Structures are given as C-alpha cells and as structure tokens.
Amino acid sequence: MTKELNVKNLYRLPWNLADNSISWLEPTSKCNLYCDGCYRENRVNSHKTLDEIAHELDVFEKYRRTDGVSIAGGEPLLHPDICEIVRMVRQKGWKPVINTNAITLTEELLKKLVEAGVDGFTFHIDSGQQRPNWKGKNEIELNELRLQIANMLHKIGKGKLSCSFNLTVYPENIHYIPQLTQFAQEHFDKIHVMVFILYRMGIINGLHDTFVGNKQVYWDELSYTKEIDDRRVNINSFEAVEEMRKLYPDFMPCAFLNGTEDAGSMKWLLTGRLGNKYQIFGYVGQKFMEIVQTTKHLTTGSYLAYSKTKWLKRGRLYFLLAPFDKGIRTIMKNYFKSLFTNPKAFFSRIRFQSIMIIQPADVYDNGRINMCDGCPDISVWNDKLVWSCRMEEQMRWGDNVNLVPRK
Ligand code: SF4
C-alpha cells in the first residue's frame, strides 16, 4: 500500500469555518508557565467574566457547528470559575475539553470538573517549558510526569475521560517523536491521542513590512516573533512522519487539512491506529475516516473531534468497515497472522489511538502566510471568528497583519 502523503491517498477533512469539529475558547491568557514558542502573551489580569464567556459561546453557536470546545488560554485551570465554564460548554451540547499544563490539576479539582461535565483533557507537557521540578528533563524523562497524569485521569474519570498529550516539536526534540508514540502504545488503555505541534516563530528578518489595512505596524511587539532564532522555524509534517517511520515503518495517516496558500501542505495530519501494547496491527485508511466523519455529521449535525472512550476500546468492531477501507483490511490480515506470531496481541483487547501532527502558520518570502484551511482552533474576538494562533494581532490592531515584501 502506497505511503505517499497526498490528496489521493488521504481524506481531506470536511472541517471549515462554519462547520467544524472543534472551537477554541480562552477564558484567560494568564499562565503559570513559560512555553518556548507560545503564541499568547501572559496577561495577569485577563480572566474573562462568565457573561463574556457566555457571549463568546453564543457567537460560536450563531456562526459555527462544532463537536468539542477546547478550553485553553493561557492556563484555563487558573480561572476561578473553570468548573462553571465547563458546565456552560456542556449545556450548549458540546464536549468540553481542557487544554492545560496540569500544574494545578489535583484529584479534588478533577472530581469537580468531572461533576461539571468535562469530556477530556489535552495536556501540554514538553521540554520547552521551564516546568518547576522538571527543568532540563528530556522528553523521555518527562514520560514519568505524563504517566502520573494519565493514571490520575484514568482513576478519577473511571476510564471515561479522553486523555491527550501535546508537545511542541523543536529541531532539538523531533527525534523523540517515535519513542513518545511508543510510550503511548505502552499505555494504550490510558492515552487516546498524541498531538505533535511543529514549532513556529515569526522571524523579523527585514524581508517584510507589516500593515493592518493601510496602517504600518511593527510585529516585533508580538509574543510569536523574534529578531533571530538560530533554530529552524519551518519543520513540516512530512519530516515528522519520516521521523515516526524510523520506528513505525508502516505509519500511515488517513486524513488531513491543507494550507490556505499551499494545497500540498499537510497542516493537520491525522493518523488512526489499531492495536494494543503488544502490537500495532495497522493504520485505518481514508475511507474509514470519511465514514466516521460523515456518519457523525448525519446523525448529530456536527463532525467528530473527540470520540467517547467507550468506542476507542472496541477495536474489533471497526473490522465491520473492512469492505470499505483498505487500511482496515490490512489490519485484519495482521491481526489474524498474530494468532501464530504474537498470541498475546491476538487475545488482548484492541484499541484505537489517534496521532495528530499540526503544522502551524508558514510565513513565505512573498509575504503570504499559509494558515490551516478549515482551522479547528478558531476563537472569538469582537464577535468575529478568528485564528487563535494570531489572536495577538486582533488584540493589538483589531485585525490580522499583512506582510508586504520590501523592495
Ligand atoms: S490556523 Fe493557527 S489556530 Fe488554526 S489550527 Fe492552524 S495553527 Fe492552530
């Protein structure tokens, strides 16, 4: 089966501005950590009122279908009303998923969030964080912390909470991608999603002038720009997959979001695998994901973001889609082979796990900025739907900047 990543072999996710799977809510931009490459300025007095948050949810409801809402920031757990915010999202009929660094997540708070109706968590943990008690630890050493948190979630949430880990991929930690994916395989029962976000930084290299409308502005004020950065700021998804295939040679994504400037760029690259800690039987194909997304939309009116964990542990059920999907047929072949080659894997539960690679904004010399077409992380600013990764521009100038190449 070909492993080329292109529009023929992958399903283009149907997510768009008005009909998506996720939306992005920021109750605060205050944070208790500094992450290298963070695109939100840390503002101490920035907690939104519940009325402001209710209004933002109304704007989402008016303009955008969604399945889940990522409650992010800053650090959302610092907001004193985080439980009420979760309740408000749940009352809208959406899945509240908290994007957090987990520094202040205790069992007690977790119990309250479960009561409020939280659906899952995306934990941001990586070596670029200056995290107290974990400074200088590499990605493998940080697995101890990731497992502590996954165990707490599993215990308090009784296996019903979706558990994702995301990390920023820098040139200096990209080589850990395969091992981190292996770590997720070893804890297949507790970790449902791994998200690798490629490092981006706007380098002020003198090539462009920046304007908002016809007014010149200076984007060196922004948290995601720098005079210089001797590291690469343009690692792409193809490289991340290449890295992954060093340990998982058959690794094959099933779906993607392209770029707004470059249709061949893989801005969101989604992979689904079936297996257990003993063996990965294979990767679901594009038809599988098309059936999942369209069936979810037909039956509930929105595309799928986060699956209920009960469906993720019924891997053999997915075999029913074998007539439609090449990936599932390969998985079944490997599964039945394992009866003889790896009986432990054959008789163990089969689970589904997702791996997402995200390639944020690419700045081109011609001044064009390649955003994610069908951006799932859309947020609200002044009653408008905006890219959350470029919210600082909205906050400063009320609109996104345009880069104009200097003569
Ligand atoms: S456009 Fe920006 S906010 Fe949207 S998904 Fe891409 S990186 Fe995230």
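One structure accompanies this document, and this report is about it. Every chain begins its residue count from 1, and numbering advances along the sequence as written. Note on the predicted model: pLDDT of at least 70 is required for a residue's local features to be given, and 80 or more for side-chain atom pairs to be given and counted; whole-chain, interface and lining totals, by contrast, use all residues. Side-chain figures throughout are based on the complete set of non-hydrogen atoms in the structure, without hydrogens or water.

So, the packing of helix H2 (residues 82–91) against helix H3 (residues 107–116)
And step 1. Interaxial angles span 0 to 180 degrees and are taken between N-to-C directions of axes, which are lines fitted to C-alpha atoms, for helices over the stretch in contact. Counting from the N terminus, the helices are DSSP H or I runs at least four residues long and the strands are E runs at least two residues long. For the pair H2 and H3, interaxial distance at closest approach is 8 Å and the crossing angle is 25°. Considering their axes alone, H2 and H3 lie roughly parallel with respect to each other. When you trace H2 past H3, the crossing you get is right-handed. Contact residues: H2 offers Ile82, Cys83, Val86, Arg87 and Arg90, while H3 offers Leu109, Lys112, Leu113 and Ala116.
And step 2. For this classification, the nonpolar set comprises Ala, Val, Leu, Ile, Met, Phe, Trp, Tyr, Cys and Pro, the charged set comprises Asp, Glu, Lys and Arg, and every other residue, Gly included, is treated as polar. Split into classes, the residues belonging to the contact of H2 with H3 amount to six nonpolar, no polar and three charged. To sort the angles, those under 35 degrees are grouped as roughly parallel, those over 145 as roughly antiparallel, those from 65 to 115 as roughly perpendicular, and the leftovers as oblique. Handedness of a helix crossing follows the sense of rotation of the near helix relative to the far helix, less than a right angle counterclockwise being left-handed and clockwise being right-handed. By definition in these notes, contact holds between two residues if any of their heavy atoms fall within 4.5 Å.

Quick look at a nonpolar patch on the surface
And step 1. Among the surface-exposed residues, Trp311, Leu317 and Leu320 lie close enough to one another that they form a single nonpolar patch of about 320 Å² accessible area.
And step 2. With respect to the helices and strands, Trp311 occurs in helix H8 (residues 309–312).
And step 3. With a relative accessible area of 39%, Trp311 lands in the partly exposed category. Residues qualify for a patch when their relative accessible area is over 30% and they have no salt bridge, like charges being joined within 9 Å and the nonpolar side chains of Val, Leu, Ile, Met, Phe, Trp and Tyr within 5 Å. Surface exposure here means Shrake-Rupley accessible area, sampled with a 1.4 Å probe, where a residue is shielded only by the protein chains that are shown. Salt-bridge detection follows one rule: a side-chain nitrogen of Lys or Arg within 4 Å of a carboxyl oxygen of Asp or Glu. Three exposure classes are used, based on accessible area relative to the maximum for each residue type with a 1.4 Å probe and protein chains only: buried under 20%, partly exposed in between, and exposed over 50%.

As for the pattern of salt bridges
And step 1. In this structure the tally under the stated criterion is 29 salt bridges.
And step 2. Here Lys155 ties to Glu107 by a salt bridge, and the two come within 2.8 Å at their closest N and O atoms. Taken together, the residues Lys155 in helix H4 (residues 143–157) and Glu107 in helix H3 connect sequence positions 48 residues apart.
And step 3. Taking the relative accessible area as the measure of exposure, Lys155 reaches 53% and is therefore exposed.
And step 4. Two residues, Glu392 and Arg396, come together in a salt bridge whose shortest N-O distance is 3.2 Å.

Examining the packing of helix H5 (residues 177–186) against helix H6 (residues 237–244)
And step 1. It is at 7 Å that the axes of H5 and H6 come closest, and there the two elements cross at 65°. As for how H5 packs across H6, the hand of that crossing is right-handed. Across the interface between the two elements, Ile177, Pro178 and Thr181 of H5 pack against Ala240, Glu243 and Met244 of H6.
And step 2. For the contact of H5 with H6, a count of residues per class yields four nonpolar, one polar and one charged.

Side note on unusual backbone geometry
And step 1. With omega at 15°, the peptide bond leading from Gly73 into Gly74 counts as cis.
And step 2. Backbone geometry at Ala102 places phi at a positive 65°, although glycine is not the residue there.
And step 3. Structurally, the position occupied by Ala102 is in the loop between strand E4 (95–100) and H3.
And step 4. Of the residues examined, Ala102 reaches a relative accessible area of 10% and is grouped as buried.

Looking at helix H7 (residues 286–300)
And step 1. Helix span, expected: 1.5 Å multiplied by one less than the number of residues in the helix. Here H7 is 15 residues long and its end C-alpha atoms lie 21 Å apart, about the 21 Å a rise of 1.5 Å per residue gives.
And step 2. Those residues of H7 lying buried are Phe288, Met289, Gln293, Lys296 and His297. Mapping the buried residues of H7 onto a view down its axis gives an arc of 155°, with all of them on the same face. Turned more than 90 degrees away from the buried face of H7, the exposed residues are Leu298 and Thr299. Read the arc as the range of directions from the helix axis to the C-beta atoms.

Describing the side chain of Ser29
And step 1. The residue Ser29 is located in the loop between strand E2 (22–25) and helix H1 (50–63) in this model.
And step 2. Apart from the residues lying within four places of it in its own chain, the contact partners of Ser29 are Arg40, Glu41, Asn42, Arg43, Ser46 and Gly74.

Describing helix H9 (residues 326–341)
And step 1. Helix length check: H9, at 16 residues, gives a terminal C-alpha distance of 22 Å against a target of 22 Å (1.5 Å per residue), a fit within 8%.
And step 2. Looking only at H9, the buried set comprises Gly327, Ile328, Ile331, Tyr335 and Ser338. Taken down its axis, H9 places every buried residue within 90° of arc, on the same side. Residues of H9 that are exposed and angled more than 90 degrees away from the buried face: Lys326, Lys333, Phe340 and Thr341.
And step 3. The secondary structure elements touched by the buried residues of H9 are strand E13 (268–275), strand E14 (280–283), H7 and helix H10 (343–347).
And step 4. Throughout this description, a polar contact denotes any pair of N or O atoms lying within 3.5 Å of each other; where both atoms belong to protein, one of them has to be capable of donating a hydrogen while the other can accept it, and for residues adjacent in sequence the pair is counted only when both atoms sit in side chains. Where H9 starts, the residue carrying a side-chain oxygen 3.1 Å from the main-chain nitrogen of Gly327 turns out to be Asp325.

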